[in-house]
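# Coordinates in review
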Amino acid sequence: MISFTEAQILGWITPLLWPFLRALALLSALPLLGTRVVPARVRIGLAALVALAAQASLPAMPVVPLDSWLAFQLVLQQLLIGIGLGFAVRLVFAAIELAGEIVGLQMGLNFAGFFDPVTASQTTATSRFFGAIVGWLFIVINGHLLVIAALVDSFKSFPVGGAPFAFLQQTLPHQWGAQVFITGLWIALPMVAMLSFVNLVLGVISRVAAQINVFAIGFPITLGVGLLGILLTLPLMQHPFVAALERMLAYF
């Protein structure tokens, strides 16, 4: 008769349990994969696959009784780190969408707002366009592989055990919000400068030729210049996006 002890079962389960919980928390908070359109069963299967495939690269996991207070703290630790990593990536996407909001405001397109069922929030056309573009860019540059690599490295930076909440003290996630405005303004700055120049020229024209209805010709000109500027600056979006993504993943 084959029998197993509790220590043996814990020795088999814990090397997979903690990476699985951290990966599942990451996939639940990650853009694209963490949306409503991706079923929960897909995220659970991917988390199990990542936890199993990363076993060779992970350090030794502590064997902790699952009914102890320490196990409860370790579960919270994995959830916090996984959600923090997904939140860091989501902030980069939010920075790109903020740039779209600023560009749309300068172009006069912010009145073209609609409800986005994916994010369950009110958004604008330019913001949603920038979000879709950066979503494709995230896949093209293998951003998902960078995130998985950061997840595996996080077990060395924030190992399971020890101080379960040291992650919050070392990374200070409440200060990450500044990166949204820094990156968003950095990306939108060329468009803002160009459209501000167009508005300045229209202002001069309205003073020189008062008989011209600036409101009638200003919107088509601003919209046309804005669309042309978006077309010209889209190929340059990769550098700030990759730099912001690597800067956020460096915390882990």
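Note: the structure precedes this text.
Residues numbered from 1 in each chain as written. Predicted model: local features only at pLDDT ≥ 70, side-chain atom pairs only at ≥ 80, totals over all residues. Heavy atoms only, no water.

### So, the overall build of the chain
The following threshold applies: A helix here means a DSSP run of H or I that spans at least four residues, while a strand means a run of E at least two residues long, and both kinds are numbered starting from the N terminus. Relative accessibility thresholds used throughout: buried, under 20% of the residue-type maximum; exposed, over 50%; partly exposed, between the two (1.4 Å probe, protein chains only). Throughout, a contact is declared for two residues whenever any of their heavy atoms are within 4.5 Å.
A count of helices and strands for the chain gives 9 helices and 2 strands. For the chain, the residues scored as buried account for 39% of the 252 residues in total. Here the contacts in the chain between residues at least 6 apart in sequence split such that 80% fall between residues at least 24 apart.

### With respect to the packing of aromatic side chains
Where we set the bar: The pairing test for Phe, Tyr and Trp rings, Trp by its six-membered ring, is centres within 6.5 Å, and the orientation test on the planes gives stacked under 30 degrees, edge-to-face over 60, and tilted for anything in between.
Within this structure, the stated rule accounts for 4 aromatic pairs. Of the aromatic side chains, those joined through ring pairs into one cluster are F93, F138 and F241.

### Some remarks on the nonpolar core
Heads up, the rule is: Residues belong to a common nonpolar core when they are buried Ala, Val, Leu, Ile, Met, Phe, Trp, Tyr or Cys residues joined through side-chain atoms within 4.5 Å.
Formed by 44 residues in total, the largest nonpolar core has its most connected members in L85, V89, V147, F241 and F252. At the level of secondary structure, the elements contributing two or more residues to this core comprise α1 (6-29), α2 (40-53), α3 (69-107), α4 (125-140), α5 (143-157), α7 (177-208) and α9 (238-249). Among the elements that line this core, the one with the most residues is α3, at 13 residues. With residues up to four places along the chain from it excluded, the contact list for F241 reads V92, F93, I96, V134, L137, F138 and I141. Residues W18, L21, A54 and L74 belong to the second largest nonpolar core, which totals 11 residues.

### A short note on a nonpolar patch on the surface
To keep it simple, the criterion reads: Patch definition: residues above 30% relative accessible area lacking any salt bridge, with like charges linked at up to 9 Å and the nonpolar side chains Val, Leu, Ile, Met, Phe, Trp and Tyr linked at up to 5 Å. Each accessible area is a Shrake-Rupley estimate made with a 1.4 Å probe; only the visible protein chains count as cover when residues are assessed. By salt bridge we mean one thing: a side-chain nitrogen of Lys or Arg within 4 Å of a carboxyl oxygen of Asp or Glu.
A surface patch of nonpolar side chains, amounting to about 700 Å² of accessible area, comprises W69, F72, L76, L79, L80, I83, F165 and L168. In terms of residues, the nonpolar patch owes the most to one element, α3, which gives 6 residues. Structurally, L168 is set in helix α6 (residues 166-171).

### Brief notes about the side chain of Q78
Our working definition: Distance and chemistry together define a polar contact, namely a pair of N or O atoms within 3.5 Å, with one atom able to donate a hydrogen and the other to accept it when in protein, and with adjacent residues in sequence counting only for side-chain atoms on both sides.
With respect to the helices and strands, Q78 occurs in helix α3. Side-chain polar atoms of Q78 contact the side chain of Q77, separated by 2.9 Å. Here Q78 is in contact with W18, L21, R22, A25, F155 and V160, once residues within four sequence places are set aside.

### A look at α3
Counted only if it meets this: Multiplying one less than the number of residues by 1.5 Å gives the expected span of a helix.
Relative to the 57 Å expected for 39 residues at 1.5 Å per residue, α3 spans 56 Å between its end C-alpha atoms, a close match to the ideal helical length. Phi for G108, located one or two positions after α3, is positive at around 85°.

### Let's talk about the packing of α4 against α9
Keep this limit in mind: Axis geometry follows a simple rule: fit a line to the C-alpha atoms, using only the stretch in contact for helices, then measure angles between N-to-C directions, giving values from 0 to 180 degrees. Should an angle fall under 35 degrees it is called roughly parallel, over 145 degrees roughly antiparallel, and 65 to 115 degrees roughly perpendicular, with every other angle called oblique. Helix crossings fall into two classes, left-handed where the near helix is turned counterclockwise from the far one by less than a right angle and right-handed where it is turned clockwise. Under this grouping Gly is polar, as are all residues other than the nonpolar Ala, Val, Leu, Ile, Met, Phe, Trp, Tyr, Cys and Pro and the charged Asp, Glu, Lys and Arg.
Running from N to C, α4 and α9 cross one another at 65°; their axes reach a closest spacing of 11 Å. Here α4 is positioned roughly perpendicular relative to α9, judged by the angle of their axes. Considering only the axes of α4 and α9, their crossing is right-handed. Touching V134, L137 and F138 of α4 are Q238, F241 and L245, all from α9. Residues that form the contact of α4 with α9 fall into these classes: 5 nonpolar, 1 polar and no charged.

### Some words on unusual backbone geometry
Even without glycine at this site, N142 takes up a positive phi of about 60°. For N142, the position within the fold is in the loop between α4 and α5.

### Brief notes about the environment of D153
Tracing the sequence through the fold places D153 in helix α5. By relative accessible area, which is 38% here, D153 ends up partly exposed. C-alpha of D153 to C-alpha of L58: the two residues are 95 residues apart in sequence and 8.2 Å apart in space.

### Comments concerning the environment of P240
Of note, P240 is situated in helix α9. With 54 residues separating them in the primary sequence, P240 and W186 have C-alpha atoms 7.9 Å apart. What P240 contacts, discounting residues up to four positions off in sequence, is W186 and I187.

### Notes on α7
What counts is decided by this rule: Here the bend at a residue means the angle between the axes of two seven-residue stretches, the one that ends at it and the one that starts at it.
With 32 residues, α7 extends 44 Å between its outermost C-alpha atoms, agreeing within 8% with the 46 Å of an ideal straight helix rising 1.5 Å per residue. Roughly 45° is the biggest bend found in α7, and it falls at L189, with proline P190 one to four residues downstream. All buried positions along α7 are accounted for by Q179, V180, T183, G184, I187, A188, M191, L195, V198 and L202.

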